[in-house]
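# Tertiary structure, described
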Amino acid sequence: MATNADIAKAAGVSPAIVSRIVNGDKTLRVSAETRARVLRHIQEMDYSPNVAARSLKASSTGVIALIVHDLTSSVYAEIIAGAHEAALAYGKAVLVGEANESASGQSHLEDLVAGRGVDGIILQGAGTRFDRTLERAARHGVPTVLLQAGDPLTNRVVRLDDEAAGRVATEHLLSLGHTHIGYIGVADELLFSGDRKHGWQRALADAGIEPQDGWSTDGGNKFAPGADAIRELLRRDPQLTGVVVANVASAIGVSAALQDLGKRIPDDFSMIAVHDIPLADYLRPALTVIRMPLRQLGSVAIEEVTGGGTTPGVVCVDGAGPELIERASTAPVRRYDAL
């Protein structure tokens, strides 16, 4: 197994530099190229720092807990990957767990946090009682950062530009001539879902279109609720020709239900979803999406929690914004002329 000295020799730096990079020393002044070279050799040479010894010295565990609500989600996979990459630069390991409502699950995670079993916690907020219980447990002194949802008056919340995502998705359908455009959210009480809905409403308003009461509903983040949601929207208004879906997993259910209803995508109906996952490109028709900087979200969350994560407020992920990935599920609206 490679040692600190091995990494230093390969990277052309001193062992002290390697150690400070591994330990996430923010006072270290080295070029981005040098830091990247050291991290590359750490990865290539399978270097494992002595986390246990370092933890004893620093009175820390070297572990950051990342708690999400569905470990099977490809969306979370991107966030986790970004968090892992950033944690490596700080000499930290990421412990991934799934939040659930079981009594045993709550007790275990609360004990972990309250007992300082981790140096920090990143929680994918979902507005549940479980989330709030964890937030209370974190007040034992563990830095805590919430992702996408939570009260910024009492928590550090790392956010994406979700309103822009809803707006860009809707503007794409408008550019194709659609004027009857529905919206399927995750849940209205979730901040990010509400922001995407606001983006949909804003784009319609800017185009001079008043969204009808029956044009929007919630479809969760699973296949079946998405299928149920599009059936409900079309029952309310059969004249809808397109839909913005706030969650890509829900969109897969929407696609299946539309085809079950005899709707040809995109000839009869166009659909676009927020978030890109590998499966989206392999659906038939392939799914048009708004790609969000999920890896950066995980990376920024790590930076915030290692920096303390105690000051309430919102931290927006800078850089890459919502990106339209146009595939085969959207097309110009069909016009039916009267006979």
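As the structure is a computational prediction, the values presented were derived from the model and not from experiment.

Time to look at the overall build of the protein chain. For the protein chain, the helix and strand inventory stands at 12 helices and 12 strands. Counting only residues that meet the buried cut, the protein chain has 51% of its 339 residues in that class. Across the protein chain, every contact between residues at least 6 apart in sequence was considered, and the portion connecting residues at least 24 apart equals 73%.

This model, assessed by the stated rule, comprises 1 aromatic pair. Note on Y183 and W200: the rings are 5.5 Å apart at their centroids and 25° apart in plane angle, and the pair reads as stacked. Of the two residues, Y183 sits in strand 6 (residues 181-185) while W200 sits in helix 9 (residues 191-206), which places them 17 residues apart along the sequence. Of the two residues, Y183 and W200, both sit in the buried class.

Let's shift gears to the pairing of strand 2 (residues 93-98). Where strand 1 (residues 63-68) meets strand 2, 6 bridges bridge the pair, whose relative direction is parallel. From the neighbouring strand, A65 faces strand 2, where its bridge partner is L95.

It is worth spelling out the sheet that holds strand 4 (residues 144-147) at this point. If you walk across this open sheet you meet the 6 strands as 2-1-3-4-5-11, and the pairing is parallel. Every other strand in the sheet has two partners, leaving strand 2 and strand 11 (313-316) as the edge strands with one partner each. Looking at each pair of strands side by side, their axes are set apart by 25° on average, direction ignored. The sheet contact formed by strand 4 and strand 5 (residues 156-159) spans 3 bridges and is parallel. Its bridge partner being in strand 5, L146 is matched across the sheet by V157. The strands touched by helix 5 (residues 74-89) within the sheet are strand 1, strand 2, strand 3 (120-124) and strand 4, with strand 2 carrying the most contacts at an inclination of about 155°.

What follows deals with helix 11 (residues 248-260). Between its first and last C-alpha atoms helix 11 spans 19 Å; for 13 residues at 1.5 Å apiece the expected length is 18 Å, and the two agree. Where burial is concerned, most of helix 11 is hidden: 10 out of the 13 residues are buried. Listed as buried for helix 11 are V248, A249, S250, A251, I252, G253, V254, S255, A257 and L258. Buried positions along helix 11 lie against helix 5, strand 6, helix 10 (223-236), strand 8 (242-245) and strand 9 (270-274). Where helix 11 begins, the capping side chain belongs to N247, and its oxygen is found 2.9 Å from the backbone nitrogen of A249. Following helix 11 by one or two positions, G262 adopts a phi angle in the positive range, close to 85°.

With mixed pairing, 6 strands are arranged side by side in an open sheet as 7-6-8-9-10-12. Among the strands making up the open sheet, the edge pair consists of strand 7 (216-218) and strand 12 (323-325). Put simply, the sheet's adjacent strands are angled 20° from each other on average, direction ignored. Relative to strand 7, strand 6 runs parallel, the two being bridged by 3 bridges. When the sheet's bridge partners are listed, G185 is paired in strand 7 with D218.

Side-chain alternation along strand 11 places G313 and V315 on a buried face and V314 and C316 on a face that remains uncovered. As paired strands, strand 5 and strand 11 are joined by 4 bridges and run parallel to one another. What sits directly across from V158, in strand 11, is V315.

What counts and how
Residues numbered from 1 in each chain as written. Predicted model: local features only at pLDDT ≥ 70, side-chain atom pairs only at ≥ 80, totals over all residues. Heavy atoms only, no water. Helix = DSSP H or I, 4+ residues; strand = E, 2+ residues; numbered from the N terminus. Buried < 20%, exposed > 50% of the residue type's maximum accessible area, 1.4 Å probe, protein only. Contact = heavy atoms within 4.5 Å. Phe/Tyr/Trp six-rings, centres within 6.5 Å; stacked < 30°, edge-to-face > 60°. Pairing = 2+ DSSP bridges. Axes fitted to C-alpha atoms, helices over the stretch in contact; angles between N-to-C directions. Expected span 1.5 Å × (residues − 1). Polar contact = N/O pair within 3.5 Å; in protein donor to acceptor, adjacent residues only side chain to side chain.

Geometric values such as these leave the question of function open.
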